[in-house]
Amino acid sequence: MDTIAEKIRALKEKQGAVILAHNYVSPEVQDLADFVGDSLELSIKARDAKAKTIVFCGVSFMAETAKLLSPDSKVLHPVPGAGCAMADMAKAEDIAAYRKAHPGTVIVAYVNTTAAAKAEVDLCCTSANAEKVIRSIPAGTEILFLPDRNLGQNVMNSTGRKMELWPGFCPVHNGIGPDMISAARKAHPEAVLFVHPECLPETVAAADMALSTGGMLRAVRESEAKEFIVGTEYGIIHRLKKENPDKVFYPLQPLPACGDMKKIRPEDVLRCLECGCGEVTLPADIMKRARLPVDRMLAL
Ligand code: 13P
Ligand code: SF4
């Protein structure tokens, strides 16, 4: 009897499919993927894959971004109900109303937004390029940053730029308090400690570095240190360990976990390849308008 992984491999080859997975999905799903990465890396992979089918293992805004960038591919999301609580905090109609009330403001959306929300904004960014994107906007311009108030505040602190902040947040990263950082430092005084920039500014201030998930993987690869405290969703620890078997990784306590990222199981990947279900479809006008801010980001 073939295992699930073998069945997935056979179907993937037959259908010309590639499997993309975010750094937070479960280890078993990461191990099935052709490419595992952060939001920016996955967007670029999706754009360049030129695959007949992309199976996107992550949350729904990521699968939508893959569809925006690969309109000719069939993009399958194995569990369409796997969403992002922060993305749901910025509704397209509320952004459109803000634009009407503030016509001169440049609206920057973190990629953690629905395609409908992206269709209402000027520019996108991810946690890996947020500073660069904000610095690319001429000084003195009024900026609205959405939906993540923490990422927005952290970018304001590092760039010195002023922005209006939308009141959204990631429930997982917003829950990582400075108390968790000091407890981890006490337990592992030699370890380098990094957090995700979706964390509270006071948490970022207490860490050694704030990095995207891809940035964390690079920083560990390039560091001489042997021990690391990982201030983000614990799914990334699988890849950190796999790629750095000589280094030790400590999660924060209580363990930061994104339930939606963990909804995708190997059985779901197999099912969607078997039935072609979970296809991401977007209205033509959303495809056109939402792609613009993503393209502008990738062109920077
Ligand atoms: P990255 O782009 O750093 O992978 O982050 C995505 C995310 O959803 C963090 O919560
Ligand atoms: Fe969304 Fe937070 Fe989960 Fe990332 S960790 S997908 S921002 S809810």
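Residues numbered from 1 in each chain as written. Chains lettered and ligands numbered in written order. Predicted model: local features only at pLDDT ≥ 70, side-chain atom pairs only at ≥ 80, totals over all residues. Heavy atoms only, no water.

> Teacher, can you tell me more about the site of ligand 2 here?
For ligand 2, the full set of nearby residues is Tyr 24, Val 59, Cys 84, Ala 85, Met 86, Asn 112, Cys 170, His 173, Glu 198, Cys 258 and Met 261. In the shell around ligand 2, the residues fall into 8 nonpolar, 2 polar and 1 charged. (Near = heavy atom within 4 Å. Nonpolar A, V, L, I, M, F, W, Y, C, P; charged D, E, K, R; others polar.)

> In this structure, what is going on with helix 12 (residues 213–222)? I would like to understand it.
Owing to its 3.6 residues per turn, the α-helix brings residues three or four apart onto one side. Burial runs high along helix 12: 7 of the 10 residues are buried. Of all the residues in helix 12, the buried ones are Thr 213, Gly 214, Gly 215, Met 216, Leu 217, Ala 219 and Val 220. Residues of helix 12 that are buried make contact with strand 1 (17–22), helix 3 (39–49), strand 9 (192–195), strand 11 (227–231), helix 13 (236–243) and strand 12 (248–251). (Buried < 20%, exposed > 50% of the residue type's maximum accessible area, 1.4 Å probe, protein only. Helix = DSSP H or I, 4+ residues; strand = E, 2+ residues; numbered from the N terminus. Contact = heavy atoms within 4.5 Å.)

> Would you take a moment to explain the state of the cysteines for this structure?
Two cysteines form a disulfide when their sulfur atoms are joined by a covalent bond. Counted under the stated rule, the structure contains 1 disulfide. Between the sulfur atoms of Cys 275 and its disulfide mate Cys 277 the distance is 1.7 Å. Judged by relative accessible area, Cys 275 falls into the partly exposed class, the value being 45%. Taking relative accessible area as the criterion, Cys 277 reaches 29% and is therefore assigned partly exposed. Counting only cysteine sulfurs, Cys 125 is the nearest neighbor of Cys 124, a cysteine outside any disulfide, at a range of 7.3 Å. Of all cysteine sulfurs, the one in Cys 277 lies closest to Cys 272, which takes part in no disulfide; the gap is 6.3 Å. (Disulfide = S-S within 2.5 Å.)

> What is the right way to read the packing of helix 12 against helix 13 from this model?
When two helices pack together, you describe them by how their axes are tilted relative to each other and by the distance separating the axes. Running from N to C, helix 12 and helix 13 cross one another at 25 degrees; their axes reach a closest spacing of 11 Å. Between helix 12 and helix 13, the angle is such that the two are roughly parallel. Considering how the two elements wind past one another, helix 12 and helix 13 form a crossing that is right-handed. Seen from helix 12, the contacting residues are Thr 213, Met 216, Leu 217, Val 220 and Arg 221; seen from helix 13, they are Ile 236, Arg 239, Leu 240 and Glu 243. Per-class residue counts for the contact of helix 12 with helix 13 are 5 nonpolar, 1 polar and 3 charged. (Axes fitted to C-alpha atoms, helices over the stretch in contact; angles between N-to-C directions. Parallel < 35°, antiparallel > 145°, perpendicular 65-115°, else oblique. Left-handed = near helix turned anticlockwise from the far one by under 90°.)

> Would you explain the packing of helix 4 (residues 60–69) against helix 15 (residues 284–299) in this entry?
One way to put it is that helix 4 packs onto helix 15 with a least axis distance of 9 Å and a crossing angle of 90 degrees. Comparing the axis directions of helix 4 and helix 15 gives the class roughly perpendicular. When helix 4 is examined against helix 15, the residues Thr 65, Lys 67, Leu 68 and Leu 69 are found in contact with a partner set consisting of Ile 286, Met 287, Ala 290, Arg 291, Val 294, Asp 295 and Leu 298. Of the residues that constitute the contact of helix 4 with helix 15, the class distribution is 7 nonpolar, 1 polar and 3 charged.

> What exactly am I supposed to notice about the pairing of strand 3 (residues 53–57) here?
Within a regular beta strand, the side chains point alternately toward one face of the sheet and then the other, so they alternate between its two faces. In terms of burial, strand 3 is largely enclosed, as 5 of its 5 residues are buried. Burial along strand 3 is two-sided: the residues Thr 53, Val 55 and Cys 57 and Ile 54 and Phe 56 are all buried. Across 5 bridges, the pairing between strand 1 and strand 3 is parallel. Bridging from a neighbouring strand, Ala 17 pairs with Thr 53 of strand 3. With 3 bridges joining them, strand 3 and strand 4 (residues 74–76) adopt parallel strand pairing. Bridge assignment links Thr 53 to a residue of strand 4, and that residue is Lys 74. (Pairing = 2+ DSSP bridges.)

> Whenever I open this one, the site of ligand 1 confuses me. Can you help?
Surveying the vicinity of ligand 1 reveals the residues His 22, Tyr 24, Asp 38, Ser 39, Asn 112, Ser 127, His 173, His 196, Glu 198, Ser 212 and Thr 213. Bound to the protein, ligand 1 loses 95% of the 300 Å² it would expose on its own. In terms of residue class, the shell around ligand 1 is made up of 1 nonpolar, 8 polar and 2 charged. (Areas by Shrake-Rupley, 256 points an atom, 1.4 Å probe, with all protein chains shown as cover.)

> Would you mind going over the packing of aromatic side chains with me for this structure?
For the structure shown, the criterion picks out 2 aromatic pairs. Ring-pair connections join several aromatic residues into one group, and the members of that group are Phe 194, Phe 228 and Phe 249. The lysine or arginine in question, Lys 45, covers the ring of Phe 35, its NZ or CZ lying 4.8 Å from the ring centre. The lysine or arginine in question, Lys 262, covers the ring of Tyr 234, its NZ or CZ lying 4.5 Å from the ring centre. (Phe/Tyr/Trp six-rings, centres within 6.5 Å; stacked < 30°, edge-to-face > 60°. Lys NZ or Arg CZ within 6 Å of the ring centre and 35° of its normal.)

> Help me out: how do you make sense of helix 15 in this one?
With 16 residues, helix 15 should reach 22 Å at 1.5 Å per residue; the first-to-last C-alpha distance of 22 Å fits that figure. Maximum bend of helix 15: about 30 degrees, positioned at Leu 292, with proline Pro 293 one to four residues after it. All buried positions along helix 15 are accounted for by Ile 286, Met 287, Ala 290, Pro 293, Val 294, Met 297 and Leu 298. In this structure, the buried side of helix 15 is in contact with helix 3, helix 4, helix 6 (115–118), strand 6 (123–125) and helix 7 (130–135). (Expected span 1.5 Å × (residues − 1). Bend = angle between axes of the 7 residues up to and from the residue.)

> What is the right way to read the nonpolar core from this model?
Proteins that are soluble and globular tend to have nonpolar side chains buried together. Counting residues in hydrophobic clusters, the biggest one holds 79 residues, and the most contacted among them are Val 108 and Val 269. When residues no more than four places from it in sequence are discounted, the contact partners of Val 269 are Ile 8, Ile 19, Val 29, Leu 32, Val 55, Cys 57, Pro 78 and Ile 264. Counting residues in each nonpolar core, the second largest holds 13 residues, with Ala 184, Cys 199, Val 204 and Tyr 250 among its members. (Core = buried A, V, L, I, M, F, W, Y, C linked by side-chain atoms within 4.5 Å.)

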